[in-house]
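# Breakdown of the fold
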Amino acid sequence: VRGRAAAGGLGFAYKRPSLKLGDNSIGDDGGRAIGSALASNSTLTSLELWCNSINETGGRAIATALACNSTLISLDLSSNWFKERGGSAIGSAL
């Protein structure tokens, strides 16, 4: 629930260039919701998702969104737990 609510902020961000969601413990559910919203967002240029307990599954969902998002230029994903696969997916998407 917390992750979906945080991702709902991306709807609001359609009119804002940046969104700060750091330290919210949104987890993989939130990572997947963020990924889904980010894939269709064309306004957001900066997104902070540091320290959100996002693991590999959420990281891969965000990576998928990054591959089709051309407006985001700043993304802070520090202090999450992507492991090798999630981190590699994000690195490849960038």
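Please refer to the structure placed before this passage.
Residues numbered from 1 in each chain as written. Predicted model: local features only at pLDDT ≥ 70, side-chain atom pairs only at ≥ 80, totals over all residues. Heavy atoms only, no water.

### Some details on the overall build of the protein chain
The cut-off we apply is this: Starting at the N terminus, helices and strands are each numbered in turn, a helix being any DSSP run of H or I of at least four residues and a strand any DSSP run of E of at least two. Only protein chains enter the accessibility calculation, which uses a 1.4 Å probe; a residue is then buried when its area is under 20% of its type maximum, exposed when over 50%, and partly exposed in between. Contact definition: two residues touch when any of their heavy atoms are within 4.5 Å. Only the protein chains shown count as covering a residue, and every accessible area follows the Shrake-Rupley method with a 1.4 Å probe.
When helices and strands are counted, the protein chain shows 4 helices and 3 strands. Mapped in sequence order, the helices and strands of the protein chain form the string α-β-α-β-α-β-α. Residues counted as buried form 44% of the 94 residues belonging to the protein chain. Looking at the protein chain alone, contacts between residues at least 24 apart form 84% of all its contacts between residues at least 6 apart. Element-wise, carbon and sulfur atoms account for 50% of the exposed surface of the protein chain, whose accessible area totals about 5,000 Å².

### Topic: the environment of G87
Within the secondary structure, G87 is located in helix α4 (residues 83-93). Look at G87 and you get partly exposed, because its relative accessible area is 31%. Note: C-alpha distance between G87 and G59 (28 residues apart in sequence) is 6.9 Å.

### A few points about the side chain of N80
For clarity, the cut-off: Think of a polar contact as two N or O atoms within 3.5 Å of one another; within protein, one of them needs to be a possible hydrogen donor and the other a possible acceptor, and neighboring residues in sequence only count if both atoms come from side chains.
Tracing the backbone through its elements, the reader meets N80 in the loop between β3 (74-76) and α4. Side-chain polar atoms of N80 contact the backbone nitrogen of N52, separated by 3.0 Å. Side-chain polar atoms of N80 contact the backbone oxygen of L77, separated by 2.9 Å. Contact partners of N80, with chain neighbours within four places excluded, come to L49, W50, C51, N52, S53 and I54.

### Some remarks on the side chain of N52
Among the secondary structure elements, N52 is positioned in the loop between β2 (46-48) and α3 (56-68). Separated by 3.0 Å, the side chain of N52 and the backbone oxygen of L21 make a polar contact. Setting aside residues up to four positions removed in sequence, N52 forms contacts with L21, G22, D23, N24, S25, I26, G27, S79 and N80.

### Regarding the sheet that holds β3
Put simply, the rule reads: Any two strands with at least two DSSP bridges between them are considered paired. To obtain each axis, a line is fitted to C-alpha atoms, and for helices this fit is confined to the stretch in contact; angles are then taken between N-to-C directions over 0 to 180 degrees.
Here we have 3 strands laid out as an open sheet, ordered β1-β2-β3, and parallel in their pairing. Where the open sheet ends on each side, the last strands, each with one partner, are β1 (18-20) and β3. Each strand axis lies, on average, 5° off the axis of its neighbour in the sheet, ignoring direction. Sheet topology places β1 next to β2; 3 bridges connect them, and they run parallel.

### Some words on the nonpolar core
Nonpolar side chains in soluble globular proteins tend to end up buried together. Heads up, the condition is: Note on terminology: a nonpolar core comprises buried Ala, Val, Leu, Ile, Met, Phe, Trp, Tyr and Cys residues joined through side-chain atoms within 4.5 Å.
Within the largest apolar cluster, 17 residues are counted, with the highest numbers of intra-cluster contacts made by I34, L38, L47, L49 and I62. Considering each element in turn, this core owes the most residues, 4 residues, to α3. Leaving out residues up to four positions away in the same chain, I62 has contacts with G31, I34, G35, L49, I54 and L77.

### Things to note about α3
Test applied: Expected helix span is taken as 1.5 Å per residue step, with the number of steps being one fewer than the number of residues.
In a regular helix each residue adds 1.5 Å, so 13 residues correspond to 18 Å; α3 covers 19 Å between its end C-alpha atoms and thus fits that length. Looking at the buried residues of α3, the elements they touch are α2 (27-39), β3 and α4.

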